[in-house]
There are 2 protein chains.
Amino acid sequence: MTPARLPLFLGIDGGGTGCRAVLADGRGEILGRGTAGPANIASDFEGALGNILQAAREAAGEVSLTALRAGLGLAGANAGAAADRLRPHLPFARSTVVTDAETAALGALGDSWGIVGAIGTGSVYARRDGAGLRQIGGRGLAVGDEASGAWLGKMALSRALRAADGLIPGTPFLSALIARFGGVDAAVAWAVTARGADFATLAPEIVASRDPAALALMEEATAEVNAAITALQPSQPLPVVLIGGLGPVFAPRIAAHWTVRPAVGSALDGALALAHQIPD
Amino acid sequence: MTPARLPLFLGIDGGGTGCRAVLADGRGEILGRGTAGPANIASDFEGALGNILQAAREAAGEVSLTALRAGLGLAGANAGAAADRLRPHLPFARSTVVTDAETAALGALGDSWGIVGAIGTGSVYARRDGAGLRQIGGRGLAVGDEASGAWLGKMALSRALRAADGLIPGTPFLSALIARFGGVDAAVAWAVTARGADFATLAPEIVASRDPAALALMEEATAEVNAAITALQPSQPLPVVLIGGLGPVFAPRIAAHWTVRPAVGSALDGALALAHQIPD
């Protein structure tokens, strides 16, 4: 008889810019790590699959992928049938595929119940409690992602253009925003092709500015964060963890309303926790 | 001595979906017409130039383009240096290049002073008076185009998703909007890649609906139209002409505030008028 092997676990965090994998044993000891390119299974299925497998092989080293229990948090996993399409291509012994927002929430909360707001280029919120995980927001910049970096930049530019048109009062910040593009026409030409990440490059200045238009926008953004958390809070309020690039910006702004806690771990920790939850 | 020829005039209306040209003599008699594909000189310079020349040659027939005075209203003419780049390629005796919004305004107003709102897939406004033409709005869907068909569709879907997330009250119209896509995830997947023209396909139902969410959105859109007109009105109010697919929708809604008049002519008439204004 061969000796029974410890079960081994693989966690994969795959987002729009890159993919990370980690191999761990049953006690949480890290045995290997891997990285690869983007892993958005909705926008580029074949590329994402290749990167997921590359990061997994790098983390697994000598260990066969077929021996592993894998938890995968992937961008685009909630868009249509992308996750269903992926599953037959995964070589792992067992696997669970969820959104990268879900593994981020699991990582941020650890074993606790709570509410996670991930506010970076986009924005998405999740509550974890006895009923499982419920996610809201994360709808993309055209119709959502309120309070995100992309939303802040888009709103600031929209208001700067409205001020230039005489529709709302101008401020020094709004004037400077148009001037940095070289005028209204150039700002409009930029905005027409700008993506979320482009708009988000304007966010740090908005966050740091004491200009009345910037302060008003930050007030509105904070109200959006509070509204999303309020929509998720049960009658007995849960603690809130804010992650993402703008998490530390909004955390002190909502601390008067909710119990705010730091993140327990990363999205990769969440993916590993997901792998541990796979039943025998 | 050859007899002096009457000056001949060419009007060109070039937009994002097609290009039309008309040849006329000094008394306004139409001598020829031509059509070709899209003529947005900012998004596809070479293609636009080819289509402009094709429509022009078709309208000119036996007449050499080098003999004509041409007025061109072109999409993208305000974006950066596109119009400057185009001028050396135009074969006409003399020519003037402006935005298609400007020729639309000239056509809608004829010889009168007034304010034009062009509200279709996008939205743009202009005032024509003794000081010339002043244009506002028309900033594209990401940062502007308020009250346009694309804006109405985008806002309706955004609110439907917010209602689905419990952030605002739901209504039958908002629920039906999500249901028609097959649920929240499918609606989000559609919105991520939807263009202005796609969002605008939702506008007719919003306009026609008696649902409270749709009515509230139309109220806000009407307020946006009034705000743009207010920003352009001089102390002695000018008459207002609303054109574009949604012009007839908003015209009765603003009639209590302003003197609303029907359009005198089309954007092609405006382009021809522009050609007539070219000095000898």
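Our structure is the block above this text.
Residues numbered from 1 in each chain as written. Chains lettered and ligands numbered in written order. Predicted model: local features only at pLDDT ≥ 70, side-chain atom pairs only at ≥ 80, totals over all residues. Heavy atoms only, no water.

(A) Up close: the overall build of chain A. A tally of regular secondary structure across chain A gives 11 helices and 9 strands. Projected onto its principal axes, the C-alpha positions of chain A cover 80 × 45 × 30 Å. Scored against the burial criterion, the 280 residues of chain A give a buried share of 52%. The contacts of chain A with a sequence gap of at least 6 include a subset with a gap of at least 24, amounting to 61%. The averaged location of the 24 negative side-chain charges in chain A is 4 Å from the averaged location of its 21 positive side-chain charges. (Helix = DSSP H or I, 4+ residues; strand = E, 2+ residues; numbered from the N terminus. Buried < 20%, exposed > 50% of the residue type's maximum accessible area, 1.4 Å probe, protein only. Contact = heavy atoms within 4.5 Å. Lys, Arg positive; Asp, Glu negative; His and termini not counted. Charge placed at Lys NZ, Arg CZ, Asp CG, Glu CD.)

(B) Structural detail: the relation of the copies chain A and chain B. Mapping chain A onto chain B is achieved by rotating through 180° and translating by 0.1 Å along the same axis, at an RMSD of 0.0 Å. Seen this way, the second copy is the image of the first under a two-fold rotation axis. Identified as the residue of chain A closest to the rotation axis by C-alpha distance is Ala142(A), at 3.5 Å. (Least-squares fit on C-alpha atoms with pLDDT ≥ 70 in both.)

(C) Geometry of the environment of Ala194(A). Residue and element names in this part refer to chain A. Of note, Ala194 is situated in the loop between helix H6 (184–193) and helix H7 (196–200). According to the relative accessible area criterion, Ala194 is buried, its value standing at 17%. Note: C-alpha distance between Ala194 and Ala150 (44 residues apart in sequence) is 9.9 Å.

(D) Broad picture of the pairing of strand E4 (residues 68–74) of chain A. Residues and elements named next belong to chain A. Most of E4 is tucked away: 7 of the 7 residues are buried. Neither face of E4 is exposed, since Leu68, Ala70, Leu72 and Leu74 on one face and Arg69, Gly71 and Gly73 on the opposite face are all buried. The pairing of strand E1 (residues 8–14) with E4 spans 7 bridges and is parallel. What sits directly across from Leu8, in E4, is Leu68. Pairing between E4 and strand E5 (residues 94–99): 6 bridges, direction parallel. The residue bridging Leu72 from the neighbouring strand is Val97, located in E5. (Pairing = 2+ DSSP bridges.)

(E) Spatial organisation of the pattern of salt bridges. Per the stated rule, a full pass over the model turns up 20 salt bridges over all chains. A salt bridge links Glu220(A) to Arg159(A), with the shortest nitrogen-to-oxygen separation between them at 2.7 Å. Of this pair, Glu220(A) sits in helix H9 (residues 212–232) while Arg159(A) sits in helix H4 (residues 149–164), and the two are 61 residues apart along the sequence. Residue class for Glu220(A) comes out partly exposed when judged on its relative accessible area of 31%. For Arg139(B), the salt bridge goes to Asp165(A), with nearest N and O atoms at 2.6 Å. Taken together, the residues span two chains, with Arg139(B) in the loop between strand E8 (132–137) and helix H4 (149–164) and Asp165(A) in the loop between H4 and helix H5 (172–181). Each member of the pair Arg139(B) and Asp165(A) is classed as buried. Ionic contacts of the salt-bridge type, sharing partners, join the residues Glu146(A), Glu224(A) and Arg162(B) into one network. (Salt bridge = Lys/Arg side-chain N within 4 Å of Asp/Glu carboxyl O.)

(F) Geometry of the packing of H4(A) against H5(A). All names here are of chain A. Here H4 crosses H5 at 95°, and the two axes come no closer than 9 Å. One finds that H4 runs roughly perpendicular with respect to H5. Across the interface between the two elements, Ala156, Leu157, Arg159, Ala160, Leu161 and Ala163 of H4 pack against Leu174, Leu177, Ile178 and Phe181 of H5. Of the residues assigned to the contact of H4 with H5, the class counts are 9 nonpolar, no polar and 1 charged. (Axes fitted to C-alpha atoms, helices over the stretch in contact; angles between N-to-C directions. Parallel < 35°, antiparallel > 145°, perpendicular 65-115°, else oblique. Nonpolar A, V, L, I, M, F, W, Y, C, P; charged D, E, K, R; others polar.)

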